[in-house]
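Topology and contacts: notes
Below are the chains, spelled out letter by letter.
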Number of protein chains: 4
Amino acid sequence: MSPRRRNAEGAAAARAARRTELLGTAAEVFAARGYAATTVREVADAAGMLGGSLYYHFDSKESMIDEILSGFLTALWRDYDAVLARGGGAEQTLRGLVTASFQAIDRDRPAVVLYQNEAKHLASNPRFGYLAESGARFREMWTGLLEQGSRDGSFRADLDAPVVYRFIRDTVWLAAGWYRPGGRLSPDEIAEQYLALVLEGIRGR
Amino acid sequence: MSPRRRNAEGAAAARAARRTELLGTAAEVFAARGYAATTVREVADAAGMLGGSLYYHFDSKESMIDEILSGFLTALWRDYDAVLARGGGAEQTLRGLVTASFQAIDRDRPAVVLYQNEAKHLASNPRFGYLAESGARFREMWTGLLEQGSRDGSFRADLDAPVVYRFIRDTVWLAAGWYRPGGRLSPDEIAEQYLALVLEGIRGR
Amino acid sequence: MSPRRRNAEGAAAARAARRTELLGTAAEVFAARGYAATTVREVADAAGMLGGSLYYHFDSKESMIDEILSGFLTALWRDYDAVLARGGGAEQTLRGLVTASFQAIDRDRPAVVLYQNEAKHLASNPRFGYLAESGARFREMWTGLLEQGSRDGSFRADLDAPVVYRFIRDTVWLAAGWYRPGGRLSPDEIAEQYLALVLEGIRGR
Amino acid sequence: MSPRRRNAEGAAAARAARRTELLGTAAEVFAARGYAATTVREVADAAGMLGGSLYYHFDSKESMIDEILSGFLTALWRDYDAVLARGGGAEQTLRGLVTASFQAIDRDRPAVVLYQNEAKHLASNPRFGYLAESGARFREMWTGLLEQGSRDGSFRADLDAPVVYRFIRDTVWLAAGWYRPGGRLSPDEIAEQYLALVLEGIRGR
DNA sequence: CATGAATGAGCGTTCATTCAT
DNA sequence: CATGAATGAACGCTCATTCAT
């Protein structure tokens with residue numbers, strides 16, 4: 001490998017690292033203020049540069065949130081697919097999916113917030129068609145799991161799968177609204193607390 | 001009563017009715033597109049008038065969402081207070097609050113959506129200080145209820161009140177995201193389904 | 001004269017009186033805030049009616065200031081012409097013109113203020129062509145008077161007529177900026193003070 | 001001095017120069033059309049740019065006239081203070097002040113026009129409090145000078161200082177209404193003409 | 001005569017985006 | 001890579017004006 005080649009690779013890596021860093025900043029600002037209400041100047045300020053300079057790295061404001069969301073979903077599905085690949089019973093799979101979700105919140109909270117708050121509005125834009133696709137896969141995965149667990153006795157037999165699916169789906173992401181990394185509970189512990197609630201309910205026995 | 005007096009009253013009533021009508025339209029559009037992303041022209045279009053005409057009725061775009069949210073919260077607390085005034089055990093009160101919440105979703109879904117999506121961003125504006133106040137009252141009401149029920153055996157003794165409070169708070173409003181009035185389930189039936197989940201959990205016995 | 005005829009005349013007179021009253025109000029508001037910066041709502045408020053109602057009386061905002069200024073100039077030239085018709089020496093005529101001007105200020109201060117502040121901007125509008133005409137007549141009157149007085153020894157022989165004309169012209173209207181009706185000096189006394197300054201200067205002898 | 005430092009200084013200087021240039025253009029347009037009647041697009045047109053582009057340089061239309069007027073008054077008082085510091089008799093000081101005023105008109109006529117036409121309306125805005133302050137200083141300076149000259153025999157003993165102050169104050173700025181730079185008379189010569197009138201009056205001896 | 005609701009053009013301002021340097 | 005000046009479309013809002021009542 002020539003030194004020239006090595007330099008070029010180093011530059012490309014540095015460039016990718018800078019993009020990732022800027023996207024992290026953008027995600028934080030978008031999540032804090034809302035995507036539509038955030039100006040690219042605010043993102044640039046947070047990144048320590050001027051508004052126009054962001055356009056060296058990104059085509060548009062839209063491409064930033066696109067990259068944030070698509071990156072988040074790619075990583076998320078990698079984890080979900082690993083859980084599904086592990087096999088096991090319905091409850092075990094459910095535990096795995098919920099835990100993976102809380103880990104995703106821990107890993108990239110701003111992206112989760114954006115996904116919750118903005119996905120619905122963005123979905124009408126063809127560019128963000130993958131949001132609807134991901135949502136459909138999500139629904140199929142969960143209703144399938146719930147129906148299987150309901151049949152095999154893992155879950156209550158009278159579960160209304162669509163209702164419980166929505167309940168779980170939303171519940172899973174809610175923690176992003178108040179979770180603060182480095183708090184007293186680790187993501188896995190929080191997952192346990194939530195699972196206890198969801199699986200057992202709150203009624204005294 | 002003089003005819004003049006009657007006319008003045010009629011005009012005031014008609015004006016109030018028009019405001020309410022326009023606020024309903026505005027709430028729908030804000031909820032559908034997001035407050036920041038909605039232009040006043042879009043609201044006006046939906047109301048069948050020109051952008052500037054809205055300003056005969058309202059001071060600003062901000063005053064519209066202000067009136068929507070404050071009106072929503074006022075009506076909501078009227079219902080909550082009625083439930084609390086009825087007394088009864090912790091589970092009964094919880095059932096009453098959840099049912100009142102689902103009725104509020106049925107009555108004014110767009111306002112609930114706005115409350116969920118925009119309250120956090122608006123709260124930093126002094127004009128919307130009442131959002132934080134209402135949130136604090138909400139937290140006190142729920143944590144008090146949960147702790148009482150936990151002590152008297154209505155609920156599990158090991159409940160983590162702050163965690164469960166957030167869980168309930170968010171769960172309660174989630175249905176606004178997908179509920180469609182006139183669907184197969186009435187608000188009270190949906191409330192029952194949710195209560196079953198929350199109280200019993202989903203695990204098979 | 002039939003009673004019907006008398007009624008019609010009475011109605012026309014009442015209408016004219018109302019117009020005059022409204023124009024007086026409009027002139028005050030225009031003078032206080034500036035014509036362009038004044039909204040017709042502000043004029044209407046001051047007149048105790050709603051914005052749209054003014055349009056029963058006047059075609060437009062522009063027609064209001066038109067009527068104010070043309071009425072002011074008509075009355076002013078009536079007075080100036082009376083002074084000129086009296087004849088007499090240059091100083092006596094100058095005293096008459098200055099006194100008539102201060103009386104005009106006393107009679108309709110807002111119109112004088114508007115004339116000073118707005119005439120220059122309005123003059124480019126063909127509708128206000130009479131402003132330029134009046135200004136030209138004014139210049140001819142004054143330069144003629146000054147040159148005559150300079151020749152016959154009433155005024156200094158070395159007077160630069162165009163310079164002094166502008167000086168007098170502007171001086172004459174300045175008092176409108178600070179004059180308050182009902183103050184300690186009558187218009188005629190103020191005229192005397194100004195004339196003493198203009199005729200004798202301020203240097204000690 | 002490092003090259004970097006030199007560049008930064010050059011950029012700051014260039015920026016300041018551009019601001020000054022734009023403010024000069026704005027002052028001309030405001031003076032010609034009136035501040036309220038001028039649109040920022042008209043200012044931008046005159047500056048060869050689009051309306052929105054002005055906001056790169058200035059916060060608002062109001063901040064433009066603010067900077068024009070405050071800059072004008074700062075420079076004016078620098079000159080006045082220099083005259084006062086020179087000392088000398090009352091007549092000499094009066095001559096110095098009047099000459100400085102005509103030089104200010106020559107230097108920045110649009111600012112003088114704006115000061116005359118807009119100061120009164122702007123003064124009610126707290127942002128322009130310095131206008132009233134400057135006016136008060138102006139009054140104290142002139143009435144003090146006139147009273148002193150009246151006592152020591154430089155001016156007529158029967159001078160009514162407040163009346164003459166207003167007369168001088170207004171007279172001094174009137175020339176801005178018709179003065180054209182590069183005309184047949186220099187600012188100092190115009191000052192001489194005005195001083196002859198004011199000091200001696202126009203009456204023949 | 002006056003009201004009150006609406007119009008529609010245009011205003012001051014914002015902001016995503018471009019590009020020469 | 002980043003800057004800084006500019007663009008141009010669109011935004012929230014104002015206001016002179018209209019007109020049915």
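Residues numbered from 1 in each chain as written. Chains lettered and ligands numbered in written order. Predicted model: local features only at pLDDT ≥ 70, side-chain atom pairs only at ≥ 80, totals over all residues. Heavy atoms only, no water.

Further remarks concern the overall build of chain A. Summing up its helical and strand segments, chain A has nine helices and zero strands in all. Secondary structure of chain A in N-to-C order comes out as α-α-α-α-α-α-α-α-α. Looking at chain A as a whole, 48% of its 205 residues are labelled buried. Sequence separation of at least 24 residues holds for 69% of the intrachain contacts in chain A that already meet a minimum separation of 6. When the accessible surface of chain A is totalled, it reaches about 10000 Å², and 51% of it is carbon and sulfur. Here chain A carries 26 positive and 26 negative side-chain charges, and the mean point of each set is 3 Å from the other. (Helix = DSSP H or I, 4+ residues; strand = E, 2+ residues; numbered from the N terminus. Buried < 20%, exposed > 50% of the residue type's maximum accessible area, 1.4 Å probe, protein only. Contact = heavy atoms within 4.5 Å. Areas by Shrake-Rupley, 256 points an atom, 1.4 Å probe, with all protein chains shown as cover. Lys, Arg positive; Asp, Glu negative; His and termini not counted. Charge placed at Lys NZ, Arg CZ, Asp CG, Glu CD.)

Turning to the protein's contact with DNA strand E, a few remarks are in order. Neighbouring DNA strand E are 31 residues; V40(A), Y55(A), Y56(B), H57(B) and Y55(D) lie closest to it. Within the side chain of R18(B), one N or O atom sits 3.0 Å away from a phosphate oxygen of DNA strand E. Of the residues belonging to the surface near DNA strand E, the class tally is ten nonpolar, 14 polar and seven charged. (Near = heavy atom within 4 Å. Polar contact = N/O pair within 3.5 Å; in protein donor to acceptor, adjacent residues only side chain to side chain. Nonpolar A, V, L, I, M, F, W, Y, C, P; charged D, E, K, R; others polar.)

Across the boundary between the two partners, chain A contributes 41 residues, which contact 41 residues of chain B. Regarding the contact of chain A and chain B, the summed buried area is about 3700 Å², with carbon and sulfur atoms giving 57% of it. Across the chain A-chain B interface, the total number found is two salt bridges. The residue R184(A) makes a salt bridge to D160(B) at a minimum N-O spacing of 3.5 Å. On inspection of chain A and its partner chain B, the count reaches three residue pairs in polar contact (both at pLDDT 80 or more). Going through the elements one at a time, α1 (3-33), α5 (90-107), α6 (109-122), α8 (161-174) and α9 (187-200) of chain A are the ones with two or more residues in the side of chain A that touches chain B. Per-element accounting of the side of chain A that touches chain B gives the leading share, nine residues, to α8(A). (Buried area = accessible area lost by both parts, 1.4 Å probe. Salt bridge = Lys/Arg side-chain N within 4 Å of Asp/Glu carboxyl O.)

Turning to the relation of the copies chain C and chain D, a few remarks are in order. The two copies are related by a screw motion: chain C maps onto chain D through a turn of 180 degrees and a shift of 0.0 Å along the axis, at an RMSD of 0.1 Å. Expressed as a symmetry operation, the mapping of one chain copy onto the other fits a two-fold axis. The fraction of interface residues of chain C whose copies in chain D are also interface residues reaches 100%, indicating that both copies meet through the same surface. (Least-squares fit on C-alpha atoms with pLDDT ≥ 70 in both.)

For the rest of this paragraph, the subject is the relation of the copies chain A and chain B. Once chain A is rotated about the relating axis by 180 degrees and shifted along it by 0.0 Å, it coincides with chain B to within an RMSD of 0.1 Å. The share of interface residues of chain A whose copies in chain B are also at the interface is 100%, consistent with both copies meeting through the same surface.

Near DNA strand F, the surroundings consist of 31 residues, among which S53(A), Y55(B), V40(C), Y56(D) and H57(D) are the closest. Within 4 Å of the protein, atoms of DNA strand F come from sugar and phosphate in 70% of cases. Interatomic distance of 2.8 Å between a backbone N/O atom of L50(A) and a phosphate oxygen of DNA strand F. Mapped by element, the contributors of at least two residues to the surface near DNA strand F are α3 (54-57) of chain A, α2 (40-47) of chain B together with α1 (3-33) and α3 (54-57) of chain D. Classifying every residue of the surface near DNA strand F gives ten nonpolar, 14 polar and seven charged.

Glancing now at the interface of chain C and chain D. You'll often see interface size given as the accessible area lost when the parts meet. Counting from both sides, the interface comprises 41 residues of chain C and, opposite them, 41 residues of chain D. Of the roughly 3700 Å² buried at the junction of chain C and chain D (both faces included), carbon and sulfur atoms supply 57%. Summed over the shared surface of chain C and chain D, the result is two residue pairs in polar contact (both at pLDDT 80 or more). Elements with a minimum of two residues in the side of chain C that touches chain D: α1 (3-33), α5 (90-107), α6 (109-122), α8 (161-174) and α9 (187-200) of chain C. For the side of chain C that touches chain D, the element with the most residues is α8(C), which contributes nine residues. Of the residues contributing to the side of chain C that touches chain D, the split by class is 19 nonpolar, nine polar and 13 charged.

To continue, consider the pattern of salt bridges. Residues and elements named next belong to chain A. Overall, the coordinates contain 48 salt bridges over all chains when judged by the stated rule. A salt bridge links R95 to E192; its shortest N-O distance comes to 3.1 Å. Linking R95 in helix α5 with E192 in helix α9, this pair joins segments that are 97 residues apart in sequence. Beyond isolated ion pairs, a larger network of salt bridges with shared partners links E62, D66 and R127.

The feature "domain: HTH tetR-type" (unreviewed entry), as given by UniProt, occupies residues 16-76 of chain A in the numbering adopted here. From the first C-alpha to the last, residues 16-76 of chain A spans 20 Å; its make-up is 75% helix and 0% strand. (UniProt positions renumbered as here; feature names shortened; annotations may be inferred.)

As a further point, take the arrangement of the chains. No part of chain A reaches chain C; the closest C-alpha pair between them is 33 Å apart. Taking C-alpha atoms as the reference, chain B and chain D come no closer than 20 Å and do not contact one another.

Relative to the helices and strands, S154(C) resides in the loop between α7 (129-151) and α8. Only 2.7 Å separates the side chain of S154(C) from the side chain of D152(C), close enough to count as a polar contact.

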